[in-house]
Amino acid sequence: MSVSLSSSTARGRREVWRNWAGCASARPRRTVTPSTTEALAEQVRRAAAEGLPVKAVGSGHSFTAVAATGGVLVRPERLSGVRTIDRAAGTVTVAAGTRLRQLNQVLAGEGLSLANMGDIMEQTVSGAVSTGTHGTGRDSAALATQIAALEMVVADGTVLRCSPAENADVFAAARVGLGALGIITELTFRVEPLFWLHAREEPMPLDRVVAEFDELTAVNEHFEFYWFPHTGNCNTKRNNRTPGPARPLPRLRGWVDDELLSNGVFQAACSLGKAVPPTVPYLARAASRALSAREYTDIPYKVFTSPRRVRFLEMEYALPREAAMPALRELKAMVERSALRIGFPIEVRTAPADDITLSAASGRDTAYLALHVYRGTPHAAYFTAAERILTAHGGRPHWGKLHSRDAAYLAGAYPRFGEFTALRDRLDPERRFGNDYLRRVLGD
């Protein structure tokens, strides 16, 4: 067995775990860092013998307390690394604690790539897939849809291998499993030969984006946009495959746009808006005009991802695709008639329907609307008012982002909700992997 305890735990103090945004915390009984599947399985068996819950935590980029526990907290840093690359099968197998950054860098070095991903690379692969992390895509869906197989430790300490051909019912659910079915130890992703993406980013009036949304999502492989509240302005991004050649952003231009403006200047603007809320609409108008149009061609992960150093809180809902623009119009009207001052843009992305039991895009073509506020500024009134609009359109909350929905609502939002909870009853009848968040969203 290879397990280490945090030094504070070893000395008898109960360390406090906090997520990236600082909005969720826990004080576990002990923290363990297994380096092998068997070591993790032994920790699960030990927790069961002691009657303790056990939860695995990734990088802490979820805004909910989905990974919080007062029992045994499993940290992933030693369960990390690319294990095998099978070029004939077009797959890569990685340990669960591997960061997306490491996975993408290794793949690129081998001339391979994921088909699609979100815009942050700091998450662990298991945490990202378990909460439904996604990017935007006409044909390619969330990260979890790219999984070909997985390995997990279930509540009795046994190791379960899952794929479409082996434990298929578990595979269907565990790809977005919320940590409720077991602890993932290994993931096998489908990959493809490295390709080039041409990125076209440009400002566009909101009215035009809304009017042309269906066309923009149909003609581009990856389309997304950001609307700045208190303005009629958007920034749009279109990514499409190209035969090349590579034309990456000049280093200085990339630093100015992605570090100086999008992080440094934006951080200062957020801080000013927090201190003096009446300035927010003026700052929003300035921010919406700060980034000029640009085009570049690069390998996928360098196009899909961006540095995110300004800390925030986020709520995101997945809506039926046809409801996205009506909902956005209602959000705009709500902000305009209220006293709210919103300094962060609303992000809109899309995904095709998938077949994962609790994926936010399960069974329907989807649009995601993500709302953010700067960390430390009030968010309850904004998120509550927005949630009324988004749930009225049949919205499904992102599992790793703030929301107030419970099992009663979610059972109606997900046609296969009962299938998931029945599987949970079978795999974890004593709720070894349970916590307060899962009790709220899945029921007892």
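Residues numbered from 1 in each chain as written. Predicted model: local features only at pLDDT ≥ 70, side-chain atom pairs only at ≥ 80, totals over all residues. Heavy atoms only, no water.

Undergrad: I'd like to hear about the pairing of strand 7 (residues 91-95), residue by residue, with values.
TA: Across the five residues of strand 7, five count as buried, placing the element largely inside the fold. Alternating positions in strand 7 separate into two faces, T91, T93 and A95 on one and V92 and V94 on the other, with burial throughout. In textbook terms, the turn of a hairpin is the stretch between consecutive antiparallel strands, and for strand 6 (residues 82-86) and strand 7 this stretch comprises four residues, one of which, G90, has a positive phi near 70°. In this sheet, strand 11 (residues 183-190) lies alongside strand 7 in antiparallel orientation, the contact comprising five bridges. Opposite A95, over in strand 11, you have E186 as the bridge partner. (Buried < 20%, exposed > 50% of the residue type's maximum accessible area, 1.4 Å probe, protein only. Helix = DSSP H or I, 4+ residues; strand = E, 2+ residues; numbered from the N terminus. Pairing = 2+ DSSP bridges.)

Undergrad: So, helix 7 (residues 251-275): which residues are in play, and what are the values?
TA: The α-helix advances 3.6 residues per turn, and as a result positions three or four apart in sequence lie on the same side. Compared with an ideal rise of 1.5 Å per residue, which puts 25 residues at 36 Å, helix 7 spans 33 Å between its outermost C-alpha atoms and is within 8% of the ideal. Roughly 40° is the biggest bend found in helix 7, and it falls at L260. Within helix 7, burial applies to G254, D257, N263, F266, A269, C270 and G273. Turning to helix 7, the residues buried within the fold contact helix 8 (280-290), strand 16 (294-298) and strand 19 (366-374). (Expected span 1.5 Å × (residues − 1). Bend = angle between axes of the 7 residues up to and from the residue. Contact = heavy atoms within 4.5 Å.)

Undergrad: Explain the sheet that holds strand 14 (residues 222-227) residue by residue, including any values.
TA: Read from one edge to the other, the open sheet built from eight strands follows the order 16-13-15-14-18-19-17-20, with strand pairing classed as antiparallel. With partners counted over all chains shown, the strands left at the sheet margins are strand 16 and strand 20 (396-397), one partner each. Where strand 14 lies against strand 15 (residues 233-242), six bridges are found, and the strand directions are antiparallel. Pairing of H222 across the sheet is with N239, part of strand 15. Helix-sheet contacts for helix 11 (residues 380-392) involve strand 17 (312-320), strand 18 (346-351) and strand 19, and the interaxial angle to strand 17 is about 10°. (Axes fitted to C-alpha atoms, helices over the stretch in contact; angles between N-to-C directions.)

Undergrad: Which residues make up a nonpolar patch on the surface, and what values go with them?
TA: On the surface, L252, W255, L260 and V265 cluster together into a nonpolar patch covering about 400 Å² of accessible area. As for its placement among the helices and strands, V265 is situated in helix 7. (Patch = residues over 30% accessible without salt bridge, like charges linked within 9 Å, V, L, I, M, F, W, Y side chains within 5 Å. Areas by Shrake-Rupley, 256 points an atom, 1.4 Å probe, with all protein chains shown as cover. Salt bridge = Lys/Arg side-chain N within 4 Å of Asp/Glu carboxyl O.)

Undergrad: Help me get a handle on the sheet that holds strand 7, residues and values and all.
TA: Across the sheet, which stays open at both edges, the five strands sit in the order 6-7-11-9-10 with antiparallel pairing between neighbours. With one partner strand each, in any of the chains shown, strand 6 and strand 10 (159-162) form the two edges of the open sheet. Strand-to-strand twist of the sheet, defined as the mean angle between neighbouring strand axes without regard to direction, takes the value 15°. On the sheet, helix 2 (residues 37-50) packs against strand 6, strand 9 (147-153), strand 10 and strand 11 and is oriented at approximately 45° with respect to strand 9. Against the sheet, helix 3 (residues 100-109) engages strand 6, strand 7 and strand 11, with an angle of about 145° to strand 7.

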